[in-house]
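# Results of the structural survey
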Amino acid sequence: MGSFKSSVFILVLHLLEGTLSDSLIQLNNNGYEGIVIAIDPNVPEDETIIQQIKDMVTQASPYLFEATEKRFYFKNVAILIPEKWKTKPEYVRPKLETYKNADVLVAEQNPLGNDEPYTEQMGRCGEKGERIHFTLDFLAGKKFSQYGPQERVFVHEWAHLRWGVYDEYNNDQKFYLSNGKKEAVRCSAGISGKNVIKKCQGGSCITKSCKLDKVTGLYEEGCEFIPYDRQNEPASIMFSQSIDSVVKFCTEKNHNKDAPNPQNQRCNLRSTWEVIQDSEDFKKTTPMTTQPPTPTFSLLQIGQRIVCLVLDKSGSMATDDRLKRLNQAGKLFLLQIVEQGSWVGMVTFDSAAQVQSELIQINSGTERDALTKSLPTVATGGTSICSGLRSAFAVIKKKYPTDGAEIVLLTDGEDNTISSCFNEVKQSGAVIHTVALGPSAAKELEELSKMTGGLQTYASDQAQNNGLIDAFGALSSGNGVDSQRAIQLESKGVTLQNNQWMNGTVLVDSTVGNDTLFLITWTTQPPQILLRDPSGNKQDGFVMDTNTKMAYLQIPGTAKVGMWSYSLQASSQTLTLTVTSRASSATLPPITVTSKMNKDTGKFPSPMAVYAKVHQGATPILRATVTAVIESVNGNTVNLELLDNGAGADATKDDGIYSRYFTAYDTNGRYSVKVWALGGINAAGQKVTPRQNGAMYIPGWIENGEVKWNPPRPEINKNDLQGKQVCFSRTSSGGSFVASGVPLAPIPDLFPPCQITDLQAKIHGDKFINLTWTAPGDDYDHGRAHKYIIKISANILDLRDKFNDSLQVNTSDLIPKEAHSKEIFVFTPEDITFENGTDLFIAVQAVDKSNLKSEISNIARVSLFIPPETPPEIPTPSPPCPDISVNSTIPGLHVLKIMWKWLGELQLTLG
């Protein structure tokens with residue numbers, strides 16, 4: 001019997017709630033606006049895809065409307081069309097819509113043969129998802145028998161995306177025992193069907209009733225619950241929207257709390273409708289009294305990238321080498337980051353704005369070099385951010401509309417007039433990326449990136465942290481294909497004394513190597529530079545720019561795969577090294593690292609969480625070493641090891657998303673985030689296995705009393721799941737966030753331990769219950785908790801709702817371990833009686849030294865199953881035996897076979 005392993009987590013909440021979201025969706029008078037459905041850039045041109053998207057959304061809207069009791073419908077949708085498709089008069093240029101902020105992505109099968117619709121959900125229950133994924137065959141209706149109508153699947157996935165609910169089926173455990181009775185995992189329990197198994201031999205298959213497993217009390221492996229094609233039960237959409245009668249979500253009244261599915265495990269046994277009712281969407285709407293209008297669509301075609309740099313050259317930029325560092329970062333962006341074919345212009349500003357370069361198209365190194373000569377060299381005057389923005393709009397409008405254009409705005413100064421151009425910014429349709437430099441940059445700066453969907457970053461005056469170069473290095477296109485994007489392999493800095501050396505290595509893996517650049521900066525004198533390729537050959541030809549205090553080397557062709565070594569020698573100054581590259585092939589996806597915080601504002605004592613997604617295409621990279629460096633406005637840095645262990649801030653083990661809580665606030669103001677990811681001897685890519693967060697694959701239907709089987713789901717070789725060893729190095733900017741409410745030192749302990757989310761329980765021997773879980777910390781997932789409280793109950797809701805009143809287990813000998821250690825605790829339940837067919841529920845709470853308590857853990861469950869006695873081979877008469885009541889605290893005279901299962905532990909095959 002499979003265990004089922006803990007939840008999934010998220011970074012995305014609504015901007016109005018002060019949290020990060022790439023999505024442009026808004027709810028306006030019951031209608032969802034700003035939905036972006038993108039056709040992947042690699043999809044060959046086929047206009048029928050556009051009509052299929054329109055049909056799906058149009059038919060989904062009334063289904064959503066009725067399912068939500070007339071509260072929500074789809075109002076308007078933007079369809080993003082690839083740049084390589086032919087242009088048409090009805091295709092217009094996007095404004096803020098990009099592939100990066102698309103809510104739905106339509107792509108070819110990935111991996112080959114996998115057409116499962118799914119939604120990226122990386123958050124806790126009730127938090128929004130990242131993105132819905134559909135394949136071309138699914139959209140074309142070729143998977144109708146397996147998933148049902150496309151419009152119904154869209155509503156199922158929308159509930160994942162918008163309201164953070166989870167599936168009410170479980171591919172890892174399809175049956176469970178409840179009070180000794182075998183049940184199929186479903187919601188509601190009113191869904192009817194048969195439990196059958198398909199037996200195949202010699203090319204022919206027969207359908208048989210499932211046999212009982214005498215060890216577990218459940219059905220044999222391979223048994224399936226096959227629903228009748230005709231039902232009367234209206235719920236639930238999160239179990240199987242493909243059943244004709246299903247038109248509603250499960251409510252508190254008909255929700256199956258016993259079923260071991262992700263919704264129960266992650267949402268504390270609440271129904272999907274209860275979670276939806278708790279959403280901000282639900283709270284700010286009332287049911288409509290009229291029918292909703294039909295959705296409208298806009299067709300947007302990605303065009304050439306248009307970027308205007310808007311750079312502060314006010315007097316304060318002369319301090320702390322800011323202008324020199326701006327030139328270094330600006331040159332990296334112009335020489336390396338911005339893509340071929342892009343249009344780039346430049347504006348500088350102090351008290352007024354000056355146009356340094358009109359838009360020019362980058363076709364070769366000539367245009368790149370010309371633009372670098374326009375970077376500002378003298379700092380003087382005041383700060384007028386709006387003057388710079390208005391000038392940038394004018395520069396862009398000379399050639400193109402401002403719709404979809406990008407502005408990179410850097411400033412280090414205060415400007416109390418910045419809000420005067422907010423309306424112009426909104427109306428422009430341009431995306432504004434903000435770079436706050438130093439401790440005094442305008443506090444309203446981030447409002448510009450929030451309102452336009454741009455990236456917000458912060459760089460301190462600590463040159464060795466390389467923050468400004470990292471900020472500009474993160475500004476690759478949100479619309480380009482992966483093979484065109486610049487990828488940062490390394491970003492390091494150090495302050496040297498007395499002719500010390502800065503030594504290190506950079507790994508160039510097989511997925512990158514094209515257009516590779518080594519960039520070195522210094523603060524006083526050029527260092528001695530020694531760079532060798534993996535064959536030991538010395539690399540000469542660095543371009544020395546003594547005015548900007550930088551040197552760079554472009555590796556011709558494709559850089560050699562392997563370890564590149566560098567040695568830099570200098571005296572009493574700060575050096576930095578940055579290495580960027582691009583994909584080695586247009587067909588082999590590069591390994592990428594994307595990182596961000598869960599919120600853009602942190603209010604003490606609410607923790608922040610940092611997440612890094614390490615993938616190669618759709619394949620997660622496992623067992624990498626991932627470290628986040630968080631730097632405060634004071635210049636203090638905190639290193640956090642991010643983990644993919646399904647505990648603490650990380651809700652899904654082995655999904656290639658690494659995470660950790662951040663609680664080490666030291667001051668109010670801006671914090672920057674940077675992530676290092678290193679794949680060494682233990683790192684491996686894992687083939688994608690069936691998704692957990694998506695519409696259920698129906699194995700078959702019962703039609704007129706006969707089982708009609710669907711084709712089996714595409715299987716993945718178990719050997720492939722081990723993945724291939726992957727060696728790589730990457731760095732990634734996670735943007736910035738702003739902290740408030742941080743008290744003066746000493747900062748009080750107001751952080752409790754984090755919730756335990758992976759509690760498991762099973763019977764050991766004939767009387768012991770064996771518990772395992774991952775240790776939380778003293779402060780969320782840092783440090784060591786002080787003690788544990790373990791409670792048990794025969795009633796699952798009593799344990800959830802009356803935890804403090806439940807029976808407590810003696811834990812006096814249980815001393816908590818360091819956070820992320822594996823805890824094991826064995827106990828014999830007392831004052832509670834087991835009988836055949838009964839269940840026992842267990843939960844744990846952690847307490848820190850300040851007596852702050854964690855949330856109650858997921859609830860684990862053990863069920864006592866005594867198999868029927870096997871009759872002897874030669875029956876002999878025997879006197880009747882008296883009835884026996886077996887108490888779990890007393891060693892029994894009979895050998896008991898115990899079946900165990902969890903509400904709390906979901907073994908995800910990833911993903």
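Residues numbered from 1 in each chain as written. Predicted model: local features only at pLDDT ≥ 70, side-chain atom pairs only at ≥ 80, totals over all residues. Heavy atoms only, no water.

## With respect to the packing of aromatic side chains
Put simply, the rule reads: Only centres within 6.5 Å qualify two rings of Phe, Tyr or Trp (six-membered ring in Trp) as a pair; their planes then separate them into stacked at under 30 degrees, edge-to-face at over 60, and tilted for everything else. For the purposes of this entry, the term helix denotes a DSSP run of H or I that reaches at least four residues, the term strand denotes a run of E that reaches at least two, and both are numbered from the N terminus. Throughout this description, the term charge over a ring refers to an Arg CZ or Lys NZ atom that lies within 6 Å of the ring centre and within 35 degrees of the ring normal.
Tallied over the entire structure, the rule returns 29 aromatic pairs. Where F74 meets W158, the ring centres are 4.9 Å apart and the plane angle is 85°; that geometry is what we call edge-to-face. With F74 in strand β4 (residues 73-74) and W158 in helix α4 (residues 150-163), this residue pair connects regions lying 84 residues apart in the sequence. Stacked on the ring of F803, the Lys or Arg K791 has its end atom at 5.1 Å from the ring centre.

## Considering the side chain of S863
Selection rule: Note on classification: 1.4 Å probe, protein chains only; a residue is buried when its accessible area is under 20% of the maximum for its type, exposed when over 50%, partly exposed between these limits. Residues adjacent in sequence count toward polar contacts only when both atoms are side-chain atoms; beyond that, a polar contact is any pair of N or O atoms within 3.5 Å, and within protein one must be able to donate a hydrogen and the other to accept it.
Following the sequence through the fold, S863 ends up in strand β47 (residues 860-864). Judged by relative accessible area, which is 2%, S863 ranks as buried. Within the structure, S863 has its side chain in polar contact with the side chain of D839 (distance 2.7 Å).

## Here we look at the pattern of salt bridges
Defined as follows: Any Lys or Arg side-chain nitrogen found within 4 Å of a carboxyl oxygen on Asp or Glu counts as a salt bridge.
In the structure shown here, the tally under the stated rule is 42 salt bridges. Close ionic contact of K174 with E224 constitutes a salt bridge, the shortest N to O distance being 2.8 Å. Highlighted residues: K174 in the loop between α4 and β9 (175-178) and E224 in strand β13 (residues 224-227), separated in sequence by 50 residues. With relative accessibility at 28%, the residue K174 sits in the partly exposed group. The partner of D412 in a salt bridge is R322, with the nearest N and O atoms 2.7 Å apart. Taken together, the residues D412 in the loop between β18 (406-411) and α12 (422-428) and R322 in helix α9 (residues 322-337) connect sequence positions 90 residues apart. Neither D412 nor R322 differs from the other in exposure class; each is buried.

## Here we look at empty space enclosed by the protein
Applied cut-off: With a 1 Å grid spanning the protein atoms alone, the term cavity applies to any set of points in which a 1.4 Å probe fits but cannot get out, the term pocket to an open set with protein on both sides within 12 Å along at least five of seven lines, and the term lining residue to any residue with an atom within 4 Å of a point. Grid points are joined across faces, edges and corners, and a volume is the space filled by probe spheres set on the points. Each residue gets one of three labels, nonpolar for Ala, Val, Leu, Ile, Met, Phe, Trp, Tyr, Cys and Pro, charged for Asp, Glu, Lys and Arg, and polar for the others, Gly among them.
Within the structure shown, the criterion is met by 4 cavities of 30 Å³ or more. For the largest cavity, the calculated volume is near 140 Å³. The wall of the largest cavity is formed by 15 residues, among which R325, Q328, A463, T521 and T576 lie closest to the centre. Only α9, α14 (467-473), β23 (512-522) and β28 (573-583) provide two or more residues apiece to the lining of the largest cavity. Class assignment of the residues belonging to the lining of the largest cavity gives a composition of 4 nonpolar, 7 polar and 4 charged.

## Notes on the packing of α9 against helix α10 (residues 365-372)
Where we set the bar: To obtain each axis, a line is fitted to C-alpha atoms, and for helices this fit is confined to the stretch in contact; angles are then taken between N-to-C directions over 0 to 180 degrees. An angle counts as roughly parallel when it lies under 35 degrees, as roughly antiparallel when it exceeds 145, as roughly perpendicular when it falls between 65 and 115, and as oblique in every other case. Contacts are assigned to residue pairs with any non-hydrogen atoms lying within 4.5 Å of each other.
Orientation of α9 relative to α10, taken along the N-to-C sense of each, is 170°, at an axis distance of 9 Å. When the axis of α9 is compared with that of α10, the two are roughly antiparallel. Between α9 and α10, the contacting residues are K331, L334, L335 and Q336 on the first element and R368, D369, L371 and T372 on the second. The class makeup of the residues in the contact of α9 with α10 is 3 nonpolar, 2 polar and 3 charged.

## Some words on unusual backbone geometry
Residue A235 is joined to S236 through a cis peptide bond whose omega torsion reads 20°. Mapped onto the secondary structure, S236 falls in the loop between β13 and α5 (237-240). That bond from F604 to P605 is cis: its omega, 5°, falls within 30 degrees of zero. Tracing the backbone through its elements, the reader meets P605 in the loop between β30 (601-603) and β31 (608-616). A positive phi angle is found at E69, which is not glycine, with a value near 55°. Position of E69 relative to the elements: it lies in the loop between α1 (48-67) and β4. The phi angle at D515 is positive, at roughly 55°, despite the residue not being glycine. Mapped onto the elements of the fold, D515 is located in strand β23. We classify D515 as partly exposed; its relative accessible area is 28%.

## Topic: the pairing of strand β46 (residues 839-847)
Rules: Note: two strands are recorded as paired if DSSP finds a minimum of 2 bridges between them.
Along β46, 9 of the 9 residues are buried, which leaves the element largely enclosed by surrounding structure. Of the two faces of β46, both are covered, the one formed by D839, F841, A843, Q845 and V847 as well as the one formed by L840, I842, V844 and A846. Sheet topology places strand β43 (residues 787-793) next to β46; 7 bridges connect them, and they run antiparallel. When the sheet's bridge partners are listed, I789 is paired in β46 with Q845. Strand direction decides the pairing type here: β46 and β47, joined by 4 bridges, are antiparallel. Its bridge partner lying in β47, I842 is registered against A860.

## Examining the side chain of T285
Its location among the elements puts T285 in the loop between α8 (280-283) and β14 (296-301). Overall, T285 belongs to the buried group, its relative accessible area being 10%. Here T285 is in contact with L27, N30, R71 and F72, once residues within four sequence places are set aside.

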